2 protein chains.
Amino acid sequence: MRLSKRGEYGLRAMIALAEPAENSDTPQMMQIKEISLREQISTKFLEQILLTLKNAGLLHSKMGVGGGYYLARSAKEITLGQIFRVLDGPVAPIKCVSQMSYEPCGCPDEDTCGLRMVMGDVRNAIADILDNTSLADVTKRQNAVRKKLGKK
Amino acid sequence: MRLSKRGEYGLRAMIALAEPAENSDTPQMMQIKEISLREQISTKFLEQILLTLKNAGLLHSKMGVGGGYYLARSAKEITLGQIFRVLDGPVAPIKCVSQMSYEPCGCPDEDTCGLRMVMGDVRNAIADILDNTSLADVTKRQNAVRKKLGKK
DNA sequence: TTAAAAGTATACTATACCAATAGACTTTAT
DNA sequence: ATAAAGTCTATTGGTATAGTATACTTTTAA
């Protein structure tokens, strides 16, 4: 049940982009370098990832001097599920329970397949979290912990 | 969030081994061929998988004519989580929230990392299902559906 | 006692995917 | 015009997946 590095870096970057915007409604623009430095991610690799996210409509960008990336929508309207699916594909552990890319799995009878039932539960549990957690929820939670620990 | 073919086949095989034993307390023995035929799994590949499961202590076997594999413990006492971990490793989507094989993930500060918090939730949701579902639970559920649908 | 059934054990292979790197190209502000 | 920034395509090295092949050992029934 693994999150790939692409997924991890992409999620981290999106959270970073959501963070400063926290108290303003104007989208915060950040440069690739800025993010890669702060999150310790290979710049070139991050380039690809942000591009993918942009092509998927989750990010906008501005070219040229003083450019950068910014969220395509407000942090409340972007869920981790959306980001995850763009970078790592379906949430389902097995294709026969996938909503976005169903495929039969070769068991004798899908209707009575116990593995399928359980994996369906797992898929729903994961999707429940990822689809109901927005970037804003994440930054909110981070701040709560920071406050509690008296950090930064 | 993927279950590998090894994991899928292994779980399927274990469920198959749990099934006939349902109403008896004596462990049901099945041969590799029998299982591979019924579940449409490459015999040679399944061989490896069952061997792994055996070395992990979840299966026992009997060699020679009339031999086969059977569950090492009763179906109630084997959970899907145990099987999964043997074949596919940790349940956690990211190492920094893994119980069985923790590793830091390189974010600036683990305590306040939002991604880590959410992935921790995901890990717990998955583990909750997998560790609280036994092979007996699965076969029970299968039978309930069979009955309801009037199948076989 | 020996042949066949069955599991055990290693090694190998082809393919795909992942993570990262490289380099050339395009757009934009100054 | 030039430098800063994103865009695009290709390539690389490594690892994981999903098997296949082959030789070996143990057990049992004829």
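1. Here we look at the relation of the copies chain B and chain A
Here's step 1: Superposing chain B onto chain A requires a rotation of 180 degrees together with a translation of 0.0 Å along the rotation axis, leaving an RMSD of 0.1 Å. A rotation of that kind, with that shift, is consistent with a two-fold axis. Scanning chain B for the C-alpha nearest the rotation axis identifies Met1 of chain B, at a separation of 2.2 Å.
Here's step 2: A shared binding surface is used by both copies, with 100% of the interface residues of chain B retained as interface residues in chain A.

2. A word on the interface of chain B and chain A
Here's step 1: Across the contact, 45 residues belong to chain B and 45 residues belong to chain A.
Here's step 2: Carbon and sulfur atoms supply 65% of the area that chain B and chain A bury against each other, a total of about 4,000 Å² over both sides.
Here's step 3: Summed over the three residues of chain B that lose the most area to chain A, namely Met1, Arg2 and Leu115 of chain B, the buried surface amounts to 18% of that side.
Here's step 4: The interface formed by chain B and chain A contains 2 salt bridges.

3. Quick look at the domain arrangement of chain A
All names here are of chain A.
Here's step 1: In terms of domains, chain A is made up of domain 1 (1-78) and domain 2 (79-133).
Here's step 2: Using only C-alpha atoms to locate each centre, domain 1 and domain 2 end up separated by 26 Å.
Here's step 3: Counting residues at the interface gives 17 residues for domain 1 and 11 residues for domain 2.
Here's step 4: Note on domain 1 versus domain 2: buried area summed over both sides is about 1,100 Å², and carbon and sulfur give 75% of it.
Here's step 5: Looking only at domain 1, the three residues that lose the most surface to domain 2 are Met1, Leu11 and Ile78, adding up to 38% of its buried area.
Here's step 6: Seen at the junction of domain 1 and domain 2, the total is 0 salt bridges.
Here's step 7: Linking domain 1 to domain 2 there are 2 residue pairs in polar contact (both at pLDDT 80 or more).
Here's step 8: Taken together, the residues of the side of domain 1 that touches domain 2 break down into 9 nonpolar, 4 polar and 4 charged.

Parameters and conventions
Residues numbered from 1 in each chain as written. Chains lettered and ligands numbered in written order. Predicted model: local features only at pLDDT ≥ 70, side-chain atom pairs only at ≥ 80, totals over all residues. Heavy atoms only, no water. Least-squares fit on C-alpha atoms with pLDDT ≥ 70 in both. Contact = heavy atoms within 4.5 Å. Buried area = accessible area lost by both parts, 1.4 Å probe. Salt bridge = Lys/Arg side-chain N within 4 Å of Asp/Glu carboxyl O. Domains from an automatic or database assignment. Polar contact = N/O pair within 3.5 Å; in protein donor to acceptor, adjacent residues only side chain to side chain. Nonpolar A, V, L, I, M, F, W, Y, C, P; charged D, E, K, R; others polar.

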